[in-house]
Each structure stands twice: as structure tokens, then as C-alpha cells.
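Residue strings, one per chain:
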Amino acid sequence: MGVERTLVLVKPDGVERGLVGEVISRFERKGLKIRALKMLKMTREMAEEFYSVHREKPFFNDLVEFITSGPIVAMILEGDSAIEVVRLMIGSTDGRKAQPGTIRGDFALSIQNNVVHASDSQESFEREYKIVFSQEEII
Ligand code: CMP
């Protein structure tokens, strides 16, 4: 609780579909502050590290292929209880089950191509943001 930071990725499907502005706008209107923002293409090495907790899952290779398939937009957001607030705003992993009004609930019909990623805990944030951002890129 208190002021937290979290990492959000707009995944290749979200960028390809032109949803970057929509996603950022929702977080800004909520009151979250952008502390870092950039577009990049994840390398296979970055993706395997980023999703290392899923290494043994049957969908791991497809997930790495997907997240490296095109540019993503990464951001660090800051605000009160940001980790929980952002997770609520993005909705359940499976877009078909995500609540309408959430980002995935409004824009995704897939479990893999689910538009956004957000850190699920403080520990995840600490690990994830370092894969994507250098210290100089963070305000
Ligand atoms: P994300 O929140 O980025 O965390 C892990 C990602 O793996 C998830 O979003 C989905 O893109 C993907 N994922 C999770 N479960 C499955 C699944 N059962 N099949 C395919 N992809 C999945």
C-alpha cells in the first residue's frame, strides 16, 4: 500500500491495433503518473527472462514468439496502490472472461493476445522493470 510503481506493457497486438493511446489515456485519467515510457522490440533473450516464471508452461514458446513479434510500448506508472489498481484496470488474463470496463474486457478475446501486461506484485515489478528500462530512463 501507499505510493507504488508498476510496469505496464502494451503488447504487440495492442500496438498493431492502435490501442496505445487508449491504454495510456485510461491510466492517466485514473490519476496514475507516467515515470518512464518507451517503444521497443523485445529480444528473445529479454522475453525468456521476462517470462521466466512461465518457462515450464506449455504456452511458453508461443508466448515468447508473440511478445517478440513486433514493437511493444513499456511504461512505469506510479500512484497510490498502483500495482493492485492497474491489475484491476487491465482485468483477467483471458480476454473472454475479463470484466467489461477493463482493458482486456473491452479489447481482447484471447488469453495470449491480451493487449497488456502489468506487474502482479512488488517483487515482479522489481524484477521486470530492470529487463526493460535502464535507471537513466526513469524519472
Ligand atoms: P501476462 O499478464 O503478460 O502474463 C503471462 C502471459 O502468458 C499472459 O499475460 C498471456 O499473454 C500468456 N498466457 C497466460 N496463460 C496462457 C495460456 N493458458 N495460453 C496461452 N497464453 C497464456
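Residues numbered from 1 in each chain as written. Predicted model: local features only at pLDDT ≥ 70, side-chain atom pairs only at ≥ 80, totals over all residues. Heavy atoms only, no water.

Undergrad: Quick one: what's the story with helix 7 (residues 122-132), residue by residue and with numbers?
TA: The α-helix advances 3.6 residues per turn, and as a result positions three or four apart in sequence lie on the same side. Residues of helix 7 that are buried include every one of Ser124, Phe125, Glu128, Tyr129, Ile131 and Val132, and no others. Each buried residue of helix 7 lies within a common arc of 150° when the element is viewed along its axis, so the set occupies one face. Opposite the packed face of helix 7, turned more than 90 degrees from it, sit the exposed residues Glu123 and Lys130. (Buried < 20%, exposed > 50% of the residue type's maximum accessible area, 1.4 Å probe, protein only. Helix = DSSP H or I, 4+ residues; strand = E, 2+ residues; numbered from the N terminus. Arc of directions from axis to C-beta.)

Undergrad: Give a detailed account of the packing of aromatic side chains, specifying residues and quantitative values.
TA: The description of two aromatic rings rests on the distance between their centres and on the angle between their planes. With the rule as written, the count across this model stands at 2 aromatic pairs. Geometrically, the ring pair formed by Phe50 and Tyr51 is edge-to-face, given 5.1 Å between the ring centres and 85° between the ring planes. Under the relative-accessibility criterion, Phe50 is labelled buried at 1%. Given the relative accessible area of 5%, Tyr51 is considered buried. Judged by centre distance (4.8 Å) and plane angle (20°), the ring pair of Phe125 and Tyr129 falls under stacked. (Phe/Tyr/Trp six-rings, centres within 6.5 Å; stacked < 30°, edge-to-face > 60°.)

Undergrad: So, the packing of helix 2 (residues 20-30) against helix 5 (residues 82-90): which residues are in play, and what are the values?
TA: With their axes 12 Å apart at the nearest point, helix 2 and helix 5 run at an angle of 135° to one another. Here helix 2 lies oblique to helix 5, going by the angle between them. Between helix 2 and helix 5 lies a crossing of right-handed hand. Seen from helix 2, the contacting residues are Arg26, Phe27 and Lys30; seen from helix 5, they are Val85, Val86, Met89 and Ile90. Here the residues of the contact of helix 2 with helix 5 are counted per class, giving 5 nonpolar, no polar and 2 charged. (Axes fitted to C-alpha atoms, helices over the stretch in contact; angles between N-to-C directions. Parallel < 35°, antiparallel > 145°, perpendicular 65-115°, else oblique. Left-handed = near helix turned anticlockwise from the far one by under 90°. Contact = heavy atoms within 4.5 Å. Nonpolar A, V, L, I, M, F, W, Y, C, P; charged D, E, K, R; others polar.)

Undergrad: How would you explain the sheet that holds strand 2 (residues 33-40) if you had to name every residue and give the values?
TA: Pairing is antiparallel in the open sheet, where 4 strands are placed in the order 2-3-1-4. Of all strands in the sheet, those with a lone pairing partner are strand 2 and strand 4 (116-118), marking the two edges. Between one strand axis and the next, the sheet turns by 20° as a mean value, whatever way the strands run. The pairing of strand 1 (residues 3-10) with strand 3 (residues 72-80) spans 8 bridges and is classified as antiparallel. Bridge pairing in strand 3 places Leu9 opposite Ala74. The sheet contacts of helix 5 involve strand 1, strand 3 and strand 4, and relative to strand 1 the element is tilted by about 35°. (Pairing = 2+ DSSP bridges.)

Undergrad: Describe unusual backbone geometry, with residues and values.
TA: Positioned with a positive phi, Ser81 is a non-glycine residue whose angle comes to about 50°. If you trace the backbone, Ser81 turns up in the loop between strand 3 and helix 5. Backbone geometry at Val115 places phi at a positive 70°, although glycine is not the residue there. Here Val115 shows up in the loop between helix 6 (103-107) and strand 4.

Undergrad: Report on the site of the ligand, specifying residues and quantitative values.
TA: Close to the ligand lie Lys11, Tyr51, His54, Phe59, Leu63, Thr93, Arg104, Ile111, Gln112, Asn114 and His117. Taking Ile111, its main chain carries an N or O atom lying 3.5 Å from an oxygen atom of the ligand. One can see that the ligand is located within the largest pocket. Looking at side-chain class alone, the shell around the ligand contains 4 nonpolar, 5 polar and 2 charged residues. (Near = heavy atom within 4 Å. Polar contact = N/O pair within 3.5 Å; in protein donor to acceptor, adjacent residues only side chain to side chain. 1 Å grid on protein atoms, 1.4 Å probe; cavity = no way out; pocket = protein on both sides within 12 Å on 5 of 7 lines; lining within 4 Å. Sits in = over half its atoms within 2 Å of the grid points.)

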